Amino acid sequence: MINSISVSKEIYQKDELLISEKKIPARVLIAEDSRGIQFLLKRLLDNKVEYVEFVENGQLAIDAIEHAQAQSTPFDLVLMDMQMPVMNGHDATRKLRSLDYHQPIIALTAESTAGDRENCLRAGCSDYLSKPISLEGLIEILNRHLSPRT
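Residues numbered from 1 in each chain as written. Predicted model: local features only at pLDDT ≥ 70, side-chain atom pairs only at ≥ 80, totals over all residues. Heavy atoms only, no water.

1. Quick notes on helix α5 (residues 89-98)
For an α-helix, the turn length of 3.6 residues means that residues three or four places apart are oriented alike. Selection rule: Buried, partly exposed and exposed residues are distinguished by accessible area as a fraction of the type maximum, computed with a 1.4 Å probe on protein chains only: under 20%, between the cut-offs, and over 50%, respectively. We count a stretch as a helix when DSSP gives it H or I for four or more residues in a row; a strand needs E for two or more, and each element gets its number in order from the N terminus. Think of the arc as the fan of directions from the helix axis to the C-beta atoms. For this analysis, a polar contact is any N or O atom pair within 3.5 Å, provided that within protein one partner can donate a hydrogen and the other can accept it, and provided that sequence-adjacent residues contribute only side-chain to side-chain pairs.
Where α5 is concerned, the buried positions are Gly89, His90, Ala92, Thr93 and Leu96. Buried residues of α5, viewed axially, fall in a sector of 165°; they line one side. Regarding α5, its N-cap is asparagine 88, as a side-chain oxygen of that residue lies 3.0 Å from the backbone nitrogen of histidine 90 further along. Among the residues trailing α5, aspartate 100 stands out with phi positive, at a value near 65°.

2. A few points about the packing of helix α3 (residues 35-45) against helix α7 (residues 135-146)
Just so we agree on the cut-off: Think of each axis as a best-fit line through the C-alpha atoms, taken over the contacting stretch in the case of a helix, with angles from 0 to 180 degrees between the N-to-C directions. By the definition used in this description, the sense in which the near helix is turned from the far one sets the handedness, with an anticlockwise turn below a right angle giving left-handed and a clockwise turn giving right-handed. Any pair of residues with heavy atoms lying within 4.5 Å of one another is described as a contacting pair. Ten residue types, Ala, Val, Leu, Ile, Met, Phe, Trp, Tyr, Cys and Pro, are classed as nonpolar, four, Asp, Glu, Lys and Arg, as charged, and the remainder, Gly among them, as polar.
At a minimum axis separation of 11 Å, α3 and α7 run at an interaxial angle of 65°. Relative to α7, the crossing made by α3 is right-handed. Residue-level inspection shows Leu41, Leu44 and Leu45 of α3 in contact with α7, the latter providing Leu135, Leu138 and Leu142. Here the contact of α3 with α7 is built from residues that sort into six nonpolar, no polar and no charged.

3. Focus: the state of the cysteines
Here is the rule we go by: When two cysteine sulfur atoms lie within 2.5 Å, the pair is treated as a disulfide.
Under the defined criterion, the tally for this structure stands at zero disulfides. For the unlinked cysteine cysteine 120, the closest cysteine sulfur is that of cysteine 125, found at 5.2 Å. Given a relative accessible area of 0%, cysteine 120 falls into the buried group. The exposure class of cysteine 125 is buried, given its relative accessible area of 6%.

4. Re the pattern of salt bridges
Spelled out, the test is: The term salt bridge refers to a side-chain nitrogen of Lys or Arg lying within 4 Å of a carboxyl oxygen of Asp or Glu.
Counting across every chain of the model gives seven salt bridges. Taking the shortest distance from any N to any O, the salt bridge between arginine 144 and aspartate 127 comes out at 2.2 Å. A residue pair is termed long-range when its members are at least 10 positions apart, and arginine 144 in helix α7 and aspartate 127 in strand β5 (residues 127-130) qualify at 17 residues. Of the residues examined, aspartate 127 reaches a relative accessible area of 5% and is grouped as buried.

5. Some thoughts on the sheet that holds strand β1 (residues 24-31)
Put simply, the rule is: The rule for pairing is simple: two strands pair if DSSP sees at least two bridges between them.
An order of β2-β1-β3-β4-β5 is seen for the five strands of this open sheet, with the pairing classed as parallel. Two strands in the sheet have a free side with no partner beyond their single neighbour: β2 (49-55) and β5. Adjacent strand axes in the sheet meet at a mean angle of 20°, parallel and antiparallel pairs treated alike. Of the pairings in the sheet, the one linking β1 to β2 comprises six bridges and is parallel in character. Each bridged residue has a counterpart across the sheet, and for arginine 27 the counterpart in β2 is tyrosine 51. Helix-sheet contacts for helix α4 (residues 58-70) involve β1, β2 and β3 (77-81), and the interaxial angle to β1 is about 150°. Sitting on the sheet, α5 is in contact with β3 and β4 (105-109), with an inclination near 145° to β3.

Rendered as structure tokens:
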């Protein structure tokens, strides 16, 4: 339940900008096929970043990234589910890296084994966030990969 997400005092103090009403001037693409997780991420990110766009598979993520770059409005960070229809996150990440896409791609996965993390990093992901997604974990990822922009 979204209302049951708690934020530790330490995270709040360390990441006051991200918890506050100020939004990070960033564009985030989320490739996720689950409507429930899309809803959760929308709720978590609405007050954190300026722009969030959702797509439902890896091919649509590649298309959205190429379109954004062509329009000179590139994404600053991609949250990429690893298990999606049409094209999974591993294949989409490999393709994006082969196209010289250098922005952070964060793997989203329900698997949380060391081997799974290594597979995501080998595919070209910059970092890893396991499901269920916690607010603290998401804030840590945003700080790690977007903090120079704040």
